[in-house]
Amino acid sequence: MGKVETLNPRDSEPAADWPELLAHLEDFYGDDFFDRDNDVVCYRLHPHWMTVFADDPAR
């Protein structure tokens, strides 16, 4: 349970920090990694709680 925020919705304004996040993604993956206007919608998760699993905790 939690909330989801659409960072770059197709039909409305993007999140205030979307340009900064997009610059990071382009720097990391390259400018042509995806067609940001059509291919990928990004979300920010705001979970109420989370769990993780490690099959080898020493790693």
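Above this text you will find the structure in question.
**Section: the overall build of the chain**
Each helix and strand counted, the chain has 1 helix and 2 strands in total. Of the regular secondary structure in the chain, the N- to C-terminal order runs β-α-β. What you see for the chain is a C-alpha radius of gyration of 15 Å, clearly larger than the 10 Å of a compact globule of 59 residues, by over 25%. Principal-axis analysis of the C-alpha atoms gives the chain an extent of 40 × 30 × 20 Å. Within the chain, the proportion of its 59 residues that are buried is 14%. By sequence separation, contacts in the chain at least 24 residues apart represent 67% of the contacts at least 6 residues apart. When the accessible surface of the chain is summed, it comes to about 5,400 Å², and 53% of that surface belongs to carbon and sulfur atoms. Charge centroids of the chain, computed over 5 positive and 14 negative side chains, lie 7 Å from each other.

**Here's the deal with the nonpolar core**
Counting residues in each nonpolar core, the largest one holds 5 residues, listed as Leu7, Ala15, Trp18, Leu22 and Cys42. For Cys42, the contacting residues outside a window of four places in its chain are Glu5, Thr6, Leu7, Asn8, Trp18 and Leu25.

**Describing the packing of aromatic side chains**
Following the criterion strictly, the structure yields 1 aromatic pair and no others. Plain terms: the ring middles of Phe28 and Tyr29 are 4.8 Å apart, the flat faces sit at 80° to each other, and that makes the pair edge-to-face.

**Here's the deal with the side chain of Asn8**
Checked against the element boundaries, Asn8 lands in the loop between strand S1 (2-6) and helix H1 (18-29). Here Cys42 takes part through its backbone nitrogen, which lies 2.7 Å from a polar atom of the side chain of Asn8.

Calculation criteria
Residues numbered from 1 in each chain as written. Predicted model: local features only at pLDDT ≥ 70, side-chain atom pairs only at ≥ 80, totals over all residues. Heavy atoms only, no water. Helix = DSSP H or I, 4+ residues; strand = E, 2+ residues; numbered from the N terminus. Rg over C-alpha atoms; globule rule 2.2 N^0.38 Å. Buried < 20%, exposed > 50% of the residue type's maximum accessible area, 1.4 Å probe, protein only. Contact = heavy atoms within 4.5 Å. Areas by Shrake-Rupley, 256 points an atom, 1.4 Å probe, with all protein chains shown as cover. Lys, Arg positive; Asp, Glu negative; His and termini not counted. Charge placed at Lys NZ, Arg CZ, Asp CG, Glu CD. Core = buried A, V, L, I, M, F, W, Y, C linked by side-chain atoms within 4.5 Å. Phe/Tyr/Trp six-rings, centres within 6.5 Å; stacked < 30°, edge-to-face > 60°. Polar contact = N/O pair within 3.5 Å; in protein donor to acceptor, adjacent residues only side chain to side chain.

Nothing here speaks to function; it is geometry throughout.
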